[in-house]
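Here is how the chains run, residue by residue.
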Amino acid sequence: MILAMKLISVAFDADQGTVKLPSLLEYTAYLYNVGTVIFGPWISFRDYLNICSSPGLSRGWLWTVIKSTGLAYCCLVTSACFSQWLIPTYYGKWWIAYRDAQSFRMSHYFVCFFSQATLAASGLGWSKTADGHVKWDASVSRPYYIELPRSLVEVVTYWNVPMHHWLKTYVFKTARPLGNFAAVLLTYAASSLLHVGGIYLFRV
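Report follows, based on the coordinates. (Residues numbered from 1 in each chain as written. Predicted model: local features only at pLDDT ≥ 70, side-chain atom pairs only at ≥ 80, totals over all residues. Heavy atoms only, no water.)

## Let's talk about the overall build of the chain
- The number of helices and strands found in the chain is nine helices and two strands.
- If you list the helices and strands of the chain from N to C, you get α-α-α-α-α-β-β-α-α-α-α.
- Every one of the 204 residues in the chain was classed for burial, and the buried ones make up 36%.
- Considering only intrachain contacts with a sequence separation of at least 6, the fraction spanning at least 24 residues in the chain is 59%.
- On the chain, roughly 12,500 Å² of surface is accessible, and the fraction owed to carbon and sulfur atoms is 67%.
- Distance between charge centres in the chain, computed from 16 positive and 9 negative side chains, equals 5 Å. (Helix = DSSP H or I, 4+ residues; strand = E, 2+ residues; numbered from the N terminus. Buried < 20%, exposed > 50% of the residue type's maximum accessible area, 1.4 Å probe, protein only. Contact = heavy atoms within 4.5 Å. Areas by Shrake-Rupley, 256 points an atom, 1.4 Å probe, with all protein chains shown as cover. Lys, Arg positive; Asp, Glu negative; His and termini not counted. Charge placed at Lys NZ, Arg CZ, Asp CG, Glu CD.)

Rendered as structure tokens:
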């Protein structure tokens, strides 16, 4: 999925002239970047080029890697162990349904936080503030807005922030001239295809 997203985004960006068509070596390095190739997340080619000017090791970088890794393993333990202990099978079908959905979401958060850690460890996922300070601010998922959403839009947006950005930029905005309904339909179709036919989307 990540490789397909990278291929499509580079093709669109190069066609629109926002990035220069990369060489074969640059393209391969972008596709198989160690920080994103296994768990993701998707990053644009422009963001990938920031690796050359990465600020390097710092307390902020180390804290980001440790915090993201710690949160990832907390979510993994919650998904695999605590959810089964907190809500036993004799609580009733609605509590069991909630427990299973919670376990699924926690496993998703594990992957998201772990991908944030690998992204930061590889030197990506940072930006500069207005006063020139480096901020390690890559965010893949925001569980708070998913567990306590004000609307369904927040769930869709914060479930996978890079994926939402990719779908909005390369599918929805491209299909917008066909009308809002067609653009939304094509966006959901693209998301389903990228998620292997969408067989797991109903569990969210």
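## A short note on helix 4 (residues 59-86)
- Where helix 4 bends most, at Thr-78, the angle is about 45 degrees.
- Turning to helix 4, its buried residues are Trp-61, Thr-64, Val-65, Ser-68, Ala-72, Cys-75, Ser-79 and Ser-83.
- In this structure, the buried residues of helix 4 make contact with helix 5 (93-121) and strand 2 (134-136). (Bend = angle between axes of the 7 residues up to and from the residue.)

## Focus: the environment of Ala-14
- Note on placement: Ala-14 falls in helix 1 (residues 2-16).
- A relative accessible area of 24% means that Ala-14 is categorised as partly exposed.
- Taking the C-alpha atoms as reference points, Ala-14 and Phe-45, 31 residues apart in sequence, are found 9.9 Å from one another.
- Setting aside chain neighbours within four positions, we find Ala-14 in contact with Val-19 and Leu-21.

None of the figures reported here should be taken as evidence of function without further support.
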